Amino acid sequence: MKRFAKFISILAIVLSILSVGSVYAMFTYATKTPDSKINQYTMGITDFYYKENVPDDDQQEVSHNTLLQTIVSDTDGINNPNSLLSNALENRLDDNKDNVGSNQQVSGGNLKNKFSNIDGFEYVGFLIYFKSDTEYYIYTYDNRETTSTGELIETYMTKAILKEGKWVLQGGYQGTARVIKYDGNTNGPYKNTIDWQTWKENVQ
């Protein structure tokens, strides 16, 4: 009988120790902030370029994705410092402008032939806004909708970010912006562009 009582006492002590330990473990978990890792992951997601967020229809010649890839390409795009587009950017900056359009007239070539006469994005125009030395905002739209100034048209905004010496695309957001007259010399039939300051993302 004494042995049984001793066994019960030891069992009770062990159970009480285990219960205290589990309460402490629950309390420790409750005081931690698991959200911090989730937030870091969410911020990392925004670094990607979402090509599915922009129209990509080669047959209708409105492939915004193909155009955006060309804008940051190593041959015709801004990742080639000697490309026509890079030269157009530099010329506009020298003229104290904060943007360049796809129909900008450039010396030494024709920007329109590089970006407006290509199968897959013949009708897609763009405006690049120089936010900083390491970040550009690229607005793409259907050039055929820019005939009348003041009109509100569908416009997509994608960022170009300079990372480790290379321009990469980031984001891809649908919105609207107003049509205005382009303030530079142009080539081709399209003389207008969009006012980047009026761009607003579509809220779903």
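My aim in this report is to walk through the structure given alongside it, one point at a time. Within every chain, residues take consecutive numbers counted from 1 along the sequence as written. Only residues with pLDDT of at least 70 get local features here, since the model is predicted, and only at 80 or more are side-chain atom pairs given and counted; chain-wide, interface and lining totals rely on the full set of residues. The side-chain numbers reported here are obtained from all heavy atoms of the structure, hydrogens and water having been left aside.

**With respect to the side chain of N99**
Part 1 of the argument: The numbering of helices and of strands both runs from the N terminus, where a helix is a DSSP run of H or I of at least 4 residues and a strand a run of E of at least 2. Structurally, N99 can be placed in strand β1 (residues 99-101).
Part 2 of the argument: What qualifies as a polar contact is a pair of N or O atoms within 3.5 Å, subject to a donor-acceptor requirement within protein and to the restriction that residues adjacent in sequence count only when both atoms come from side chains. At 2.7 Å, the side chain of N99 forms a polar contact with the side chain of D98.

**Re the pattern of salt bridges**
Part 1 of the argument: The salt bridge criterion pairs a side-chain nitrogen of Lys or Arg with a carboxyl oxygen of Asp or Glu, the two atoms within 4 Å. For the coordinates displayed, the defined rule picks out 5 salt bridges.
Part 2 of the argument: Between K97 and D183 there is a salt bridge, with its nearest N and O atoms 3.5 Å apart. Taken together, the positions of K97 in the loop between α4 (84-94) and β1 and D183 in the loop between β5 (166-181) and β6 (192-201) put the pair 86 residues apart, joining distant regions of the chain.
Part 3 of the argument: Among the charged side chains, a network of salt bridges with common partners joins R92, K97 and D183.

**Quick word on empty space enclosed by the protein**
Part 1 of the argument: The rule is simple: put a 1 Å grid over the protein atoms alone, call a set of points where a 1.4 Å probe fits but cannot get out a cavity, call an open set with protein on both sides within 12 Å along at least five of seven lines a pocket, and count a residue as lining if it has an atom within 4 Å of a point. Grid points are joined across faces, edges and corners, and a volume is the space filled by probe spheres set on the points. For the structure shown, the criterion picks out 1 cavity of 30 Å³ or more.
Part 2 of the argument: By the convention adopted, Pro, Cys, Tyr, Trp, Phe, Met, Ile, Leu, Val and Ala count as nonpolar, Lys, Arg, Asp and Glu as charged, and the other residues, Gly among them, as polar. Here the residues of the lining of the largest cavity sort into 4 nonpolar, 7 polar and no charged.

**With respect to the nonpolar core**
Part 1 of the argument: Within the largest apolar cluster, 40 residues are counted, with the highest numbers of intra-cluster contacts made by I71 and I128.
Part 2 of the argument: Listing elements by their share of this core, those giving two or more residues are α3 (64-71), α4, α5 (111-115), β2 (124-132), β3 (135-142), β4 (152-163), β5 and β6.
Part 3 of the argument: The element that contributes the greatest number of residues to this core is β2, accounting for 6 residues.
Part 4 of the argument: Aside from chain neighbours lying at most four places away, what touches I71 is G77, I78, L85, F115, F126, I128 and I138. Among buried residues, the Ala, Val, Leu, Ile, Met, Phe, Trp, Tyr and Cys ones that are joined through side-chain atoms within 4.5 Å form a nonpolar core. For the exposure calls, accessible area comes from a 1.4 Å probe over protein chains only, and a residue counts as buried if that area is under 20% of its type's maximum, exposed if over 50%, partly exposed in between. Contacts between residues were defined by any pair of non-hydrogen atoms, one from each residue, lying within 4.5 Å.

Spatial relationships are all this shows, so hold off on functional conclusions.
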